[in-house]
Structure formats: structure tokens, C-alpha cells
Amino acid sequence: MSRRLPLIHKVEAESIGPFQQEQLDLEFSNGERRHFQRLVSRGHGAVVVVPMLDDETVLLVREYAAGLHRYELGLVKGRIDAGESPVEAANRELKEEAGYGAHQLDVLRALTLAPTYMSHQSWLVLARDLYPERLVGDEPEELEVVPWKLAELDQLMLREDFSEGRSLAALFIAREWLGRGA
């Protein structure tokens, strides 16, 4: 079924860090009116990087997660700086967080966090043909790099310290993409 987008009658906005919080007054095609809130990213998005050490091994990083006040395993990730493409941001973040660069980087797709109320997108980038190279990043401490076999993804997804949804989705998508010989 094809629907037209709701009409926006009024927008009130307030800045909150890297986001703008908007109050929307919407009218749907059936005449119903509703108020919605959304967070609009004021940046250029982010990248989630799946760095493949070899055909079977992904590199994870363990870093402090302030939202949960604990250390979490996850993928390399970070924001896209002004003027950077997702590929350039992915290679930079990989060098800063894991100490590797990649000769081959493929953008697989965009992922959203909560599309019903947030505009932020993260680009999933598969990094292969890695080589050692470290850049200084904004992390307060060096991140632990943890090699993990993609064949053991079922064990990783049940770990309490691996809870970030983008990382989990990205690994399943990358495994499927690689399994199709792409």
C-alpha cells in the first residue's frame, strides 16, 4: 500500500548536543492529527566497521560504555567527520580504535537506531585486507582488540558484555554477505 507522508503543520526545535529535538504537529492522509517528537542528527552520520583479520576472523574492540558504566565488546565505530565519506571515516576509525587500516572497504548498507523517532544513520562498512597502522583518536585509553571467529557468532550474541544492537546486526549482515561470495 502506498501512502503519502504526513503533512507537517508546525515544528518546534531545541538543540541537544549533536542532535536537534523537534516537536512535530502532523496530519496524516486520513485526517488524523498527532504530535510526535524526533531527534534529528546535526552531524554526518556514523560508521560501524566489520574488520576481517582473515576470511573467518573479525576484530572486536572492548571499550568503556558510559551509558551502561561497564566495558563492552563491539565493533569499531565512530562519527563521520565533515568532508569524509563513510569509507574514509571507517578507515580512520579502524586505525584509531584497532590499530589497522584496510586496503578493501565495502559499504554494505545504512543502519538506523530507532527510525520512529531518530534520524541518525550508521553506515555498515566491511573492511578486509588489513595492515597494521595506528592513528591517535579521541579514546581516553587504548582499546583492547579481541579476535573472534564468525563461526562462533552464536556464542558472542549471548554474552552479557556484547549488547550493542548495531554491532550484532552488522556481524550477521556481514557474515551473510561474505557467505554469498561477495
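None of these values were measured; they are calculated from a predicted model.

Peer 1: Can you help me understand the nonpolar core in this one?
Peer 2: When a protein is soluble and globular, its nonpolar side chains tend to lie buried together. Of all hydrophobic cores here, the largest spans 20 residues; its most connected members are Val50, Val58, Leu60, Leu75, Leu156, Ala170 and Leu171. At the level of elements, strand S4 (46–51), strand S5 (57–65), strand S8 (100–112), strand S9 (121–132), strand S10 (144–149), helix H2 (153–156) and helix H3 (165–179) are the ones that each hand at least two residues to this core. By residue number, the principal contributor to this core is H3, which donates three residues. Every residue in contact with Leu75, bar those within four places of it in the chain, is listed here: Val48, Val49, Val50, Pro51, Val58, Leu59, Leu60, Val61, Ser167, Ala170 and Leu171.

Peer 1: Teacher, can you tell me more about the side chain of Asn91 here?
Peer 2: Within the fold, Asn91 resides in helix H1 (residues 86–98). According to the relative accessible area criterion, Asn91 is buried, its value standing at 14%. When near neighbours in sequence (up to four residues on either side) are disregarded, Asn91 contacts Tyr100, Gly101, Ala102, Leu105 and Tyr131.

Peer 1: Teacher, can you tell me more about the environment of Leu7 here?
Peer 2: Inspection of the secondary structure assignment puts Leu7 in strand S1 (residues 7–16). Through-space distance from the C-alpha of Leu7 to that of Ser41 is 21 Å; in sequence the pair is 34 residues apart. Leu7 has contacts with Asp25, Leu26 and Glu27, leaving out every residue within four places of it along the chain.

Quick notes on the rules
- Counting starts from 1 at the beginning of each chain's written sequence and moves along it residue by residue.
- Per-residue local features of the predicted model are confined to residues with pLDDT of at least 70, and side-chain atom pairs are confined, for both listing and counting, to 80 or more; whole-chain, interface and lining totals are unaffected and use all residues.
- By convention in this description, side-chain values take in all heavy atoms of the structure and omit both hydrogens and water.
- In plain words, nonpolar cores are sets of buried Ala, Val, Leu, Ile, Met, Phe, Trp, Tyr and Cys residues tied together by side-chain atoms within 4.5 Å.
- Here's how the labels work: a residue is buried when its accessible area is under 20% of the maximum for its type, exposed when over 50%, partly exposed in between, all with a 1.4 Å probe on protein chains only.
- Labels follow the DSSP assignment, with helices taken as runs of H or I lasting at least four residues and strands as runs of E lasting at least two, numbered in each case from the N terminus.
- Contacts were defined at the residue level, with two residues in contact if any of their heavy atoms lie within 4.5 Å.

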